[in-house]
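Residues per chain, in single letters:
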Amino acid sequence: VVRRRLLQRYEHQPFISCLAGCYSCRWKRYQRKRTEPGKCCCKTVTFCFSLVFLYMWGEAKNDYNNFDWYNYGNLGFWFLWSLVLLIVAAILFMYITLLLVLAMCLLAEGQQLYLHWSHKIGTFLVLGFSVTALFILSVLWRDQWKTVLLSFQITAPYLHIGAIIIMVLLSWPVALHTIRADKKVVQVIIVGPYLAILLFLFLIPLGMYSPCIREMGTLGPKPALIGHRGAPMLAPENTEMSFQKTIEHDGDGLETDVTISYDGVPFLMHDSTLRRTTNIKEVYPNDSTQNAALFSWDTLQELNAGMWFLKDKPFSCMGSLSRADQTQAMNQSVYKLSNFLRLAESRNKLVIFDLYRPPEKHPYRNSWINRTLEVILNESGIRPHLVLWLENDMRSFVQSVAPGFQQTMGSKAPVEDLLMDNIVKLNLAYTEMSSEDIRKYAEANITTNLYVVNEPWLFSLAWCSGAHSVTTDAIHTLKNLSQPLFLMTPQQYNIMWILTDLTSVLVISLIFAL
């Protein structure tokens with residue numbers, strides 16, 4: 001008996017010793033004891049939270065620039081916080097996954113779990129980080145959950161296969177615990193939930209919907225591409241170079257933001273101040289926080305609107321620029337609306353813009369729309385049908401002065417109201433994407449543009465949903481897609497679903513039988 005206990009306690013098995021060493025830092029000995037699967041609960045919960053956060057943040061990549069811009073507004077300096085957060089989330093997820101795999105292997109070998117204190121601290125740090133991050137993002141950026149729901153329309157068939165594979169891998173420790181259980185009740189408690197989850201996964205495709213699962217020949221044309229502030233991944237946003245890059249990559253339209261200077265010159269600027277996209281802090285440091293509309297056009301012409309782009313690199317997926325492009329970017333200036341419209345007219349490109357009303361005590365605060373119309377109709381020479389008019393104020397007046405504009409609405413509304421206002425296009429955030437609504441508006445000859453769509457999977461979903469056009473930062477990437485990603489016929493999906501379920505049933509049955 002003594003010899004058996006000594007051998008049980010000190011016998012050396014390299015594989016188990018390695019597992020125990022990594023898990024509990026006990027490299028020289030281990031002890032066989034009744035398995036305690038309950039000790040994995042904390043790590044399982046932590047794994048689930050970290051997985052949810054990693055998936056959410058991974059799918060949020062489309063909006064990383066908005067996240068970084070939000071932090072810039074609060075912190076006062078530019079940094080790719082979104083990329084750092086993704087890397088941290090991935091590292092923590094891999095760490096907790098490794099701990100969970102080690103624990104399952106030890107339990108399968110009948111070993112008692114002794115989690116080292118450093119791993120306990122690490123587990124609670126991962127759990128705290130994941131829960132806190134999910135809470136903060138849910139409060140400050142709740143629309144991101146809409147992105148997650150949209151992503152399921154693309155990823156659900158593949159997540160289903162992944163979940164089945166995980167259940168197959170779990171069948172091994174479940175079978176071992178069931179065999180080692182002394183009582184029938186314990187066996188039922190172990191096997192019952194496992195089989196219930198497995199049955200749920202087998203049947204869940206019955207309620208699954210994806211617009212990219214469709215019959216051959218029913219896919220609509222590829223959405224037109226409108227450059228969001230030009231091509232901001234290739235050149236400084238809202239500059240002549242940026243719009244030229246959009247044209248070079250065969251963009252169908254140009255999107256921008258219009259502000260009016262103190263002396264009445266409409267120019268292109270997204271932010272309310274000039275700090276982020278010009279060198280105002282070097283030229284006029286005392287006026288860097290002043291509203292952009294309170295500067296004269298002569299003052300605005302003194303500023304450089306391109307050096308920040310090379311310094312801050314606003315997108316994590318930016319490629320390297322050629323020397324010629326770097327030189328061109330460094331010499332960009334604030335762009336005038338009239339020049340922007342002349343460029344669009346010369347290349348026959350649609351234009352759409354947000355028009356910002358000047359602040360209080362601005363000379364053009366009450367005549368901002370009139371001044372903008374003067375530039376469009378009298379100074380630019382652009383043909384009216386190329387202008388997608390988005391501003392809702394004074395819409396009736398705009399229609400009377402410029403009946404050729406394509407009237408565009410920035411929110412959903414009943415079809416009857418849209419037709420009454422002569423609306424021909426909707427400009428919607430991509431989170432409002434709905435294939436049913438897009439189809440309903442299309443039947444009334446009202447097309448839909450979605451903004452801002454950068455990721456190929458999101459563009460694929462917009463394509464399958466029937467969107468007429470999208471506004472994008474990544475025109476150089478999306479132009480290369482010849483068909484939507486993840487496109488398949490219902491017959492192909494049914495074969496994939498049935499084969500996955502049958503294969504998993506066969507493997508799980510063999511594992512339990514052995």
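Residues numbered from 1 in each chain as written. Predicted model: local features only at pLDDT ≥ 70, side-chain atom pairs only at ≥ 80, totals over all residues. Heavy atoms only, no water.

Some details on unusual backbone geometry
No. 1: The omega torsion across Tyr451 and Val452 is -25°, close enough to zero to call that bond cis.
No. 2: Positive phi, normally seen in glycine, also occurs at Lys361, with a value near 70°.

Regarding the layout of surface pockets
No. 1: If you add up the space inside the second largest pocket, you get close to 840 Å³.
No. 2: Elements with a minimum of two residues in the lining of the second largest pocket: helix H4 (64-75), strand E2 (253-260), strand E4 (350-355) and strand E7 (425-429).
No. 3: Among the elements that take part in the lining of the second largest pocket, H4 stands out by supplying five residues, more than any other.
No. 4: Each of domain 1 (1-31 + 39-213 + 494-513) and domain 2 (224-487) gives at least three residues to the lining of the second largest pocket. (1 Å grid on protein atoms, 1.4 Å probe; cavity = no way out; pocket = protein on both sides within 12 Å on 5 of 7 lines; lining within 4 Å. Points joined across faces, edges and corners; volume = space filled by probe spheres on them. Helix = DSSP H or I, 4+ residues; strand = E, 2+ residues; numbered from the N terminus. Domains from an automatic or database assignment.)

Examining the confidence of the model for the protein
Low-pLDDT stretches of the model should not have their predicted coordinates read in fine detail.
No. 1: Predicted confidence across the protein gives a mean pLDDT of 90, with 94% of residues reaching 70 or more.
No. 2: Note on residues 6-11: pLDDT is under 50 here. Beyond four places in sequence and across chains, it has nine contacts. (pLDDT = per-residue confidence, 0-100. Contact = heavy atoms within 4.5 Å.)

A short note on the state of the cysteines
No. 1: Tallying each qualifying case throughout the model produces one disulfide.
No. 2: The residue that forms a disulfide with Cys212 is Cys464, at a sulfur-sulfur distance of 2.3 Å. Measuring the twist about the S-S bond at about 105°, one finds the Cys212-Cys464 disulfide to be right-handed. Of the two residues, Cys212 is situated in the loop between helix H8 (184-203) and strand E1 (224-228) and Cys464 in helix H19 (residues 456-465); the sequence distance between them amounts to 252 residues. Like Cys464, Cys212 is buried. (Disulfide = S-S within 2.5 Å. Buried < 20%, exposed > 50% of the residue type's maximum accessible area, 1.4 Å probe, protein only.)

A short note on the pairing of strand E6 (residues 406-409)
No. 1: Bridging between strand E5 (residues 387-389) and E6 involves two bridges; their strand directions are parallel. Residue Leu388 lies in a different strand from E6, and its bridge partner there is Gln406.
No. 2: With helix H16 (residues 395-401) bridging E5 and the parallel E6, this β-α-β connection has right-handed handedness.
No. 3: Sheet topology places E6 next to E7; two bridges connect them, and they run parallel. Counted as the bridge partner of Met409 is Leu426 from E7. (Pairing = 2+ DSSP bridges. Right-handed = clockwise from strand over helix to strand, strands pointing away.)

Looking at the packing of H8 against helix H21 (residues 490-513)
No. 1: Look at H8 against H21: their axes get within 11 Å of each other, and the N-to-C directions meet at 160°. Overall, the two elements H8 and H21 adopt an arrangement that is roughly antiparallel. The two elements H8 and H21 cross, and the hand of that crossing is left-handed. In this structure, H8 contributes Val191, Tyr194, Leu198 and Phe202 to the contact, and H21 contributes Trp497, Asp501, Ser504, Val505, Ile508 and Phe512.
No. 2: Each residue belonging to the contact of H8 with H21 can be placed in one class, and the counts come to eight nonpolar, one polar and one charged. (Axes fitted to C-alpha atoms, helices over the stretch in contact; angles between N-to-C directions. Parallel < 35°, antiparallel > 145°, perpendicular 65-115°, else oblique. Left-handed = near helix turned anticlockwise from the far one by under 90°. Nonpolar A, V, L, I, M, F, W, Y, C, P; charged D, E, K, R; others polar.)

Points about the UniProt feature "domain: GP-PDE" (unreviewed entry) in the protein
No. 1: Residues given the UniProt feature "domain: GP-PDE" (unreviewed entry) here are residues 223-482.
No. 2: Secondary structure over residues 223-482 splits into 35% helix and 17% strand, and the C-alpha atoms at its two ends are 11 Å apart. (UniProt positions renumbered as here; feature names shortened; annotations may be inferred.)

Overview of the nonpolar core
No. 1: Judged by nonpolar contacts, the single largest core of 32 residues is most densely connected at Met433, Leu450 and Phe459.
No. 2: Secondary structure elements with two or more residues in this core: helix H7 (144-180), helix H17 (415-420), E7, helix H18 (435-443), H19 and helix H20 (475-478).
No. 3: Of the domains in this structure, domain 1 (1-31 + 39-213 + 494-513) and domain 2 (224-487) are the two that each give at least three residues to this core.
No. 4: For Phe459, the contacting residues outside a window of four places in its chain are Lys222, Pro223, Leu225, Val453, Val470, Leu478 and Leu481.
No. 5: If you look at the next biggest cluster of nonpolar residues, it comprises 31 residues, including Leu85, Phe93, Ile96 and Val126. (Core = buried A, V, L, I, M, F, W, Y, C linked by side-chain atoms within 4.5 Å.)

Brief notes about the packing of aromatic side chains
No. 1: The tally for this structure, following the rule as stated, stands at 20 aromatic pairs.
No. 2: Measuring from ring centre to ring centre gives 5.7 Å for Trp57 and Trp141, while their planes differ by 65°; the resulting arrangement is edge-to-face. On the criterion of sequence distance, the pair formed by Trp57 in helix H3 (residues 41-59) and Trp141 in the loop between helix H6 (117-140) and H7 is long-range, its members being 84 residues apart. As far as the burial class goes, Trp57 and Trp141 line up, both buried.
No. 3: A ring pair is formed by Trp308 and Phe309, whose centres lie 6.0 Å apart and whose planes are at 80°; its orientation type is edge-to-face.
No. 4: Taking the relative accessible area as the measure of exposure, Trp308 reaches 8% and is therefore buried.
No. 5: A network of ring pairs unites the aromatic residues Phe53, Trp57, Tyr64, Phe67, Phe129 and Trp141 as a single cluster.
No. 6: Here the basic side chain of Lys440 rests over the ring of Tyr441, its NZ or CZ set 5.1 Å away from the ring centre. (Phe/Tyr/Trp six-rings, centres within 6.5 Å; stacked < 30°, edge-to-face > 60°. Lys NZ or Arg CZ within 6 Å of the ring centre and 35° of its normal.)

With respect to the packing of H3 against helix H5 (residues 81-108)
No. 1: Contact geometry of H3 with H5 gives a least axis separation of 9 Å together with a crossing angle of 150°. Relative to H5, H3 is oriented roughly antiparallel. In terms of crossing hand, the pair formed by H3 and H5 is left-handed. Facing Lys43, Thr44, Thr46, Phe47, Ser50, Leu51, Phe53, Leu54, Trp57 and Gly58 of H3, the residues of H5 in contact are Ser82, Leu85, Leu86, Ala89, Ala90, Phe93, Ile96, Thr97, Leu99, Leu100 and Ala103.
No. 2: A per-class count over the contact of H3 with H5 returns 14 nonpolar, six polar and one charged.

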